[in-house]
Amino acid sequence: MKNWRKIWAAALLTLVIMVVAGCGTNDSTNNAANGAANNSTNQAVEQSNNSGNAGEAQHTAYPLTVKDDFGTEVTFDAAPQKIVSLSPSETEGLFAIGLDEQIVGVSDNDDYPEAALSKPKMGGFQVNVESVVAAEPDLVVVTGTMIKEETIKSLTDLGIKVFKSNPKTVNNVMDHIKMIGQITDHQAEAEQVVKQMQDELNQVTEAVKSVKEEDKKKVYIEFSPGWTVGKGEFMDEMITLAGGVNVASDIEGWSQINEENIIKANPDVILYAKSVIENDKTLAEIVKGRSGWDQITAVKNDQVIGLDDNLLSRPGPRVTQGLIEVAKAIYPELMQP
């Protein structure tokens, strides 16, 4: 068990580094592509919402051409019947909108829902391209820069349709779920999932709306030892939506921390991924054991709170459940049932 936890912590750090590398190499290009792709997504979702008569189930008209979050155009002649997911958040989204039977492969990191465990595995951060090809998918979905670009190219060169998402906000996540519903002709199911997510989002924003600007708590989040997240990522937005102020909001994306800067920022609440273990120590023990951190308000007041890693990190249908947990950690008195 200890060895597994060490491997999991290393995998988390690897993922963080991959995200940093992928987001930092060509920001202007990615931002432009994301802007164009988001416009395409919104148009497709609007087309979906406007199709059909009121009260009737919506259906996708094919052929359908859409752009993914990186600006790549993909055309579907019919609803995909064989889908491979190469990232946990995509897998969760596919199951949530009722595509269990269409899923013919998932990544090695997929562990939710339980049914995902019995699906054929396609590799982890290193994709088993041969297994993906053998599954003969009509669609491969993947989040962000988790998979190497040369791997994506090897799949598309073989004529396999790959759709990549890169959600940076909770609304982006909901729009992406609608888009997958559009592509797969599961629009009604996607709308139901998004409605629940919107209700959960509203629950949080309504609960914390009374918090005055000057009374907002300062929050620090650590997902992997020595790493935090700044602006431009949905995890930063989660803190803001929950009524907090991210003390690392002066940095962009994922970054290694400056311990002295965190001490100076003096957060009221520290959030961490509770399953991460390094050298037989939890993140809480690591955080509390750092020199000078015993003077931080959150540590002195025992407001170092562990949260479910998956709810924090996966931009899928459970992201708003993660938001609820973040809000409960920051303002438990406001999030009473």
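Residues numbered from 1 in each chain as written. Predicted model: local features only at pLDDT ≥ 70, side-chain atom pairs only at ≥ 80, totals over all residues. Heavy atoms only, no water.

1. Side note on the packing of helix H7 (residues 187-208) against helix H13 (residues 319-330)
Between two packed helices, the angle of one axis relative to the other and the distance separating the axes together describe the packing. The line we're drawing: Comment: axis = line fitted to C-alpha atoms, over the contacting stretch for helices; angle = value between 0 and 180 degrees taken between N-to-C directions. What counts as a helix is a DSSP run of H or I of at least four residues, what counts as a strand is a run of E of at least two, and both are numbered from the N terminus. In these notes the angle categories are as follows: under 35 degrees is roughly parallel, over 145 is roughly antiparallel, 65 to 115 is roughly perpendicular, and the rest is oblique. Two helices crossing with the near one rotated counterclockwise from the far one by less than a right angle form a left-handed crossing, whereas a clockwise rotation gives a right-handed crossing. Residue contacts follow a heavy-atom distance rule, with two residues in contact if any of their heavy atoms lie within 4.5 Å. Each residue is assigned to one class: nonpolar for Ala, Val, Leu, Ile, Met, Phe, Trp, Tyr, Cys and Pro, charged for Asp, Glu, Lys and Arg, and polar for all the others, Gly among them.
Their axes nearest at 8 Å, the elements H7 and H13 cross at an angle of 15 degrees. Put simply, H7 runs roughly parallel to H13. Considering the relative orientation of H7 and H13, their crossing is left-handed. Of the residues in H13, those touching H7 at Gln196, Met197, Glu200, Leu201, Gln203 and Val204 are Val319, Thr320, Gln321, Leu323, Ile324 and Ala327. Looking at the contact of H7 with H13, its residues break down into seven nonpolar, four polar and one charged.

2. Re the sheet that holds strand E5 (residues 139-143)
Quick reminder of the rule: For two strands to pair, DSSP has to find at least two bridges joining them.
Across the sheet, which stays open at both edges, the four strands sit in the order E4-E3-E5-E6 with parallel pairing between neighbours. Two strands close off the open sheet at either side, each with one partner strand: strand E4 (103-105) and strand E6 (162-165). Across the sheet, the axes of successive neighbouring strands diverge by a mean angle of 30 degrees, strand direction being ignored. Taken together, the two bridges between strand E3 (residues 83-85) and E4 define a ladder with parallel strand orientation. Note on E4: the bridge partner recorded for Ile83 is Ile103. Taken strand by strand, helix H3 (residues 88-96) contacts E3, E4, E5 and E6, and its axis lies near 125 degrees from that of E5. With respect to the sheet, helix H6 (residues 170-183) is in contact with E5 and E6, its orientation differing from that of E6 by roughly 165 degrees.

3. Remarks on the nonpolar core
To keep things clear, this is the line we draw: Take the buried residues of types Ala, Val, Leu, Ile, Met, Phe, Trp, Tyr and Cys, join any two whose side-chain atoms come within 4.5 Å, and each joined set is a nonpolar core. To sort residues, take the accessible area from a 1.4 Å probe on protein chains only and compare it with the maximum for the residue type: under 20% means buried, over 50% means exposed, and anything in between is partly exposed.
One finds Phe163, Ile183 and Ile270 to be the most contacted residues of the largest nonpolar core, which totals 72 residues. For this core, the leading source of residues is H7, giving eight residues. The residues contacting Ile270, other than those within four sequence positions of it, are Tyr220, Val287, Trp293, Ile296, Ala298, Val299, Gln303, Val304 and Ile305. In terms of nonpolar packing, the next biggest core, distinct from the first, is built from 16 residues, Leu86, Val127, Ile147 and Ile152 among them.

4. Some words on the sheet that holds strand E9 (residues 245-246)
Spatial ordering of the open sheet is given by E9-E7-E11-E14, a layout of four strands whose pairing is parallel. Two strands lie at the open edges of the sheet, namely E9 and strand E14 (304-307), each paired on one side alone. The sheet contact formed by strand E11 (residues 269-273) and E14 spans four bridges and is parallel. Bridged to Ile270 within E14 is Val304.

5. A word on the packing of aromatic side chains
Note the threshold: Here the aromatic set is Phe, Tyr and Trp, taking the six-membered ring for Trp, and pairing holds for ring centres within 6.5 Å; pairs whose planes are under 30 degrees apart are stacked, those over 60 apart are edge-to-face, and all others are tilted. In this scheme, the term charge over a ring applies when either NZ of a lysine or CZ of an arginine sits within 6 Å of the ring centre and within 35 degrees of the ring normal.
Counted under the stated rule, the structure contains two aromatic pairs. Seen from their ring centres, Tyr220 and Trp293 are 5.8 Å apart, and the 80 degrees between their planes marks the pair as edge-to-face. Of this pair, Tyr220 sits in strand E7 (residues 218-222) while Trp293 sits in the loop between helix H10 (283-289) and helix H11 (297-300), and the two are 73 residues apart along the sequence. Neither Tyr220 nor Trp293 differs from the other in exposure class; each is buried. When the ring centre of Trp293 is taken as origin, the NZ or CZ atom of Arg290, which lies over that ring, is 4.7 Å away. Above the face of the Tyr112 ring, Arg318 is positioned so that its terminal group lies 3.6 Å from the ring centre.

6. A few points about unusual backbone geometry
Omega for the bond connecting Tyr62 with Pro63 falls within 30 degrees of zero, at 5 degrees, which places this linkage in the cis form. Mapped onto the secondary structure, Pro63 falls in the loop between helix H2 (27-50) and strand E1 (64-67). Here the residue pair Tyr112 and Pro113 is connected by a cis peptide bond, since its omega of -10 degrees sits within 30 degrees of zero. Residue position: Pro113 is located in the loop between E4 and helix H4 (129-134). Not every positive phi belongs to a glycine, and Asp185 is a case in point at roughly 60 degrees. Here Asp185 lies in the loop between H6 and H7. For Asp185, a relative accessible area of 26% puts it in the partly exposed group. The residue Asn266 is not glycine, and still its phi comes out positive at about 50 degrees. Positionally, Asn266 belongs in the loop between helix H9 (259-265) and E11. Accessibility expressed as a relative area gives 24% for Asn266, which makes it partly exposed.

7. Remarks on the environment of Ala284
Secondary-structure assignment places Ala284 in helix H10. Counting along the chain gives ten residues from Ala284 to Lys274, while the straight-line C-alpha distance between them is 7.8 Å. If sequence neighbours within four positions are ignored, Ala284 has contacts with Tyr272 and Val304.

8. Here we look at helix H8 (residues 234-241)
Three or four residues apart is the spacing at which side chains of an α-helix point the same way, because the helix has 3.6 residues per turn. Of all the positions in H8, only Phe234, Met235, Asp236, Met238 and Ile239 are classed as buried. Buried positions along H8 lie against E7, strand E8 (227-229), E9, strand E10 (254-256), helix H12 (309-313) and H13. In the segment just after H8, Gly243 is the residue with positive phi, at about 85 degrees.

9. Overview of H6
Quick note on the threshold: A helix's residues, less one, multiplied by 1.5 Å, set its expected span.
The terminal C-alpha atoms of H6 lie 20 Å apart, and with 14 residues this matches the ideal 20 Å at 1.5 Å per residue to within 8%. Of all the 14 residues making up H6, eleven are buried; the element is thus mostly covered by neighbouring parts of the structure. Within the span of H6, buried status applies to Val170, Val173, Met174, His176, Ile177, Lys178, Met179, Ile180, Gly181, Gln182 and Ile183.

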